[in-house]
Amino acid sequence: MKTMLERMCEAVERHAAHPRQETALPGLTLYRVNHAAHPSHVFYRPRMVVILRGSKTIAAGEAPFLADTSTFLLVTVDLPVCAQVFLDDEGRPHLAFSLDIDRGALAEAMARLPVTETKATVPAGVATAPMTPELLEPFSRLLDLLDRPSDIPFVAPLIVQEIYYRLFRSGLGEPLRQLALSGSHVAQIGRATQWIKANYTAPMSVESLADVAGMSVTSFHRHFKAITLMTPVQYRTRLRLQEARKMLLAEPRSAGAVAANVGYDSQSQFTRDYKRMFGAPPAADAARTAGLP
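Residues numbered from 1 in each chain as written. Predicted model: local features only at pLDDT ≥ 70, side-chain atom pairs only at ≥ 80, totals over all residues. Heavy atoms only, no water.

*Asks:* Please explain the side chain of aspartate 273 as it appears in this structure.
*Replies:* By the secondary structure assignment, aspartate 273 is in helix H11 (residues 267-278). Aspartate 273 gets classed as buried once you look at its relative accessible area, which sits at 10%. Leave out the neighbours within four places in its chain, and aspartate 273 touches Thr237, Leu241 and Tyr264. (Helix = DSSP H or I, 4+ residues; strand = E, 2+ residues; numbered from the N terminus. Buried < 20%, exposed > 50% of the residue type's maximum accessible area, 1.4 Å probe, protein only. Contact = heavy atoms within 4.5 Å.)

*Asks:* For this particular structure, what's the right way to read the pairing of strand S5 (residues 55-60)?
*Replies:* In summary, the side chains of a regular strand alternate between the two faces of the sheet. Pairing of S5 with strand S6 (residues 63-68), which is carried by 6 bridges, proceeds in the antiparallel orientation. What sits directly across from alanine 60, in S6, is alanine 63. Connecting the antiparallel pair S5 and S6 is a turn made up of 2 residues, with glycine 61 showing a positive phi of about 65 degrees. (Pairing = 2+ DSSP bridges.)

*Asks:* Please explain the packing of aromatic side chains as it appears in this structure.
*Replies:* Think of a pair of aromatic rings as described by two things: how far the centres are apart, and how the planes are tilted against each other in angle. This structure, assessed with the given rule, holds 6 aromatic pairs. Judged by centre distance (5.3 Å) and plane angle (70 degrees), the ring pair of tyrosine 264 and phenylalanine 270 falls under edge-to-face. For the pair formed by tyrosine 264 and phenylalanine 270, the shared burial category is buried. On the basis of an interplanar angle of 55 degrees and a centroid distance of 4.6 Å, the ring pair of tyrosine 274 and phenylalanine 278 is categorised as tilted. Linking tyrosine 274 with phenylalanine 278, this pair stays in helix H11, spanning 4 residues, or about one helical turn. Grouping aromatic residues by their ring pairs yields a cluster made of Tyr264, Phe270, Tyr274 and Phe278. In this arrangement the basic side chain of arginine 47 is found over the ring face of tyrosine 44, its NZ or CZ atom lying 4.5 Å from the centre. The ring of tyrosine 31 has lysine 56 lying over it, and the distance from NZ or CZ to the ring centre is 5.3 Å. (Phe/Tyr/Trp six-rings, centres within 6.5 Å; stacked < 30°, edge-to-face > 60°. Lys NZ or Arg CZ within 6 Å of the ring centre and 35° of its normal.)

*Asks:* Just checking my understanding: could you explain the nonpolar core for this structure?
*Replies:* Nonpolar side chains tend to gather and get buried jointly when the protein is soluble and globular. Residues Phe139, Leu143 and Phe270 are the most contacted members of the largest nonpolar core, which totals 91 residues. It is helix H4 (residues 152-169) that contributes the most residues to this core, 8 residues altogether. In this structure, phenylalanine 139 is in contact with Met8, Met48, Val50, Phe97, Leu99, Met131 and Ile163, ignoring residues within four places of it in sequence. (Core = buried A, V, L, I, M, F, W, Y, C linked by side-chain atoms within 4.5 Å.)

*Asks:* Even after reading the chapter, I still don't get the environment of alanine 198, so can you show me in this structure?
*Replies:* Relative to the assigned elements, alanine 198 resides in helix H6 (residues 185-198). With relative accessibility at 64%, the residue alanine 198 sits in the exposed group. Residues alanine 198 and glutamine 234, 36 residues apart in the sequence, show an inter-C-alpha distance of 16 Å.

*Asks:* Whenever I open this one, the pattern of salt bridges confuses me. Can you help?
*Replies:* It is possible for side chains bearing opposite charge to pair when their charged atoms get close. Scanning all chains against the criterion turns up 16 salt bridges. Among the salt bridges present, the one from arginine 245 reaches aspartate 285, with a minimum N-O distance of 2.9 Å. Placement of arginine 245 in helix H9 (residues 232-250) and of aspartate 285 in helix H12 (residues 282-290) is noted, with a sequence separation of 40 residues between them. Across the pair, exposure class does not vary: arginine 245 and aspartate 285 are buried alike. The structure contains a network of salt bridges with shared partners spanning Glu137, Arg141, Glu162 and Arg166. (Salt bridge = Lys/Arg side-chain N within 4 Å of Asp/Glu carboxyl O.)

*Asks:* What is the right way to look at the sheet that holds strand S3 (residues 40-44) in this model?
*Replies:* Across a sheet, strands are paired by hydrogen bonds formed along the backbone, either parallel or antiparallel in direction. As summarised here, the arrangement of the 4 strands in space is S3-S8-S5-S6, forming an open sheet in which the pairing is antiparallel. At either end of the open sheet lies a strand with only one pairing partner, and these are S3 and S6. Looking at each pair of strands side by side, their axes are set apart by 35 degrees on average, direction ignored. (Axes fitted to C-alpha atoms, helices over the stretch in contact; angles between N-to-C directions.)

*Asks:* Just checking my understanding: could you explain the sheet that holds strand S4 (residues 47-53) for this structure?
*Replies:* With respect to topology, 6 strands assemble into an open sheet ordered S1-S2-S9-S4-S7-S10, the strand pairing being antiparallel. Each of the sheet's edge strands pairs with one partner strand only, and the pair in question is strand S1 (20-22) and strand S10 (126-130). Neighbour to neighbour, the strand axes of the sheet diverge by 20 degrees on average, direction disregarded.

*Asks:* Would you mind showing me how to read the pairing of strand S2 (residues 28-33) here?
*Replies:* Most of S2 sits out of view: 5 of its 6 residues are buried. Where S1 lies against S2, 3 bridges are found, and the strand directions are antiparallel. Across the sheet, glutamate 22 pairs through a bridge with threonine 29, a residue of S2. Sheet analysis places S2 next to strand S9 (residues 94-100), joined by 6 bridges and oriented antiparallel. Looking at S9, one finds that threonine 29 is bridged to serine 98.

*Asks:* Would you take a moment to explain H11 for this structure?
*Replies:* Each full turn of the α-helix corresponds to 3.6 residues, which orients residues three or four apart in the same direction. Taking 1.5 Å as the rise per residue, H11 with 12 residues should run 16 Å; its terminal C-alpha atoms sit 16 Å apart, in good agreement. Phi turns positive, to about 85 degrees, at glycine 279, one or two residues after H11. (Expected span 1.5 Å × (residues − 1).)

Printed below as a string of structure tokens:
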């Protein structure tokens, strides 16, 4: 008899035709990586990441997080991260999936739970926690729906509510509560990160971001770094450099033109920041990356 994890692996292999595969189930993305992969700089929305085979590391700011089959990853705020996936010890493909968090559905689940007193904390925007059989089982049923697409509209929201319930009952209840509440620090910082993402090429001040978040400057700066694990300037710089790299890989263009397009006034500063993040100057990195398998 196959284990639940084996059946889930088979489901991902059956439905993932590409390394990153969107599905008919809203917010559910499958991952199937057949070969060892280099680190990639990507942008995460609030989501859960479940590893079925192999492992994955992500770095937010300077903080590394590891997820494997025994743990899962929770992201509660928009974050630019550096991610790397690993095959298992036998060299078999890395298999995983992510489920975007629906704040409305999360708030609905929280409203149905008994009110409990919790200690006021400032949870980081990224956390890992042990995967339990109680949580893996509804995730398994969610993947099963890919074989029964006509059931998705009715059944998927019920399973997602159960997943949220299990998460609230786990040690991650507080960061989820913060994500669900519109007036929480996580939600306030989330409004600021959304503004930065939409306006990363524009001038920015901590005072204006604090206004967007509805916080004092001192409180905003402290909570922003505690939640995103970086300062607002570091956050914007990562966004700018991620977008710059996309432009360089999309078509040949000068570093100066790309620097200006992503909001840099100084090409030399752009080149220094780019080399620090990606390990090579823009032109060399683009040539190196284009030659990777």
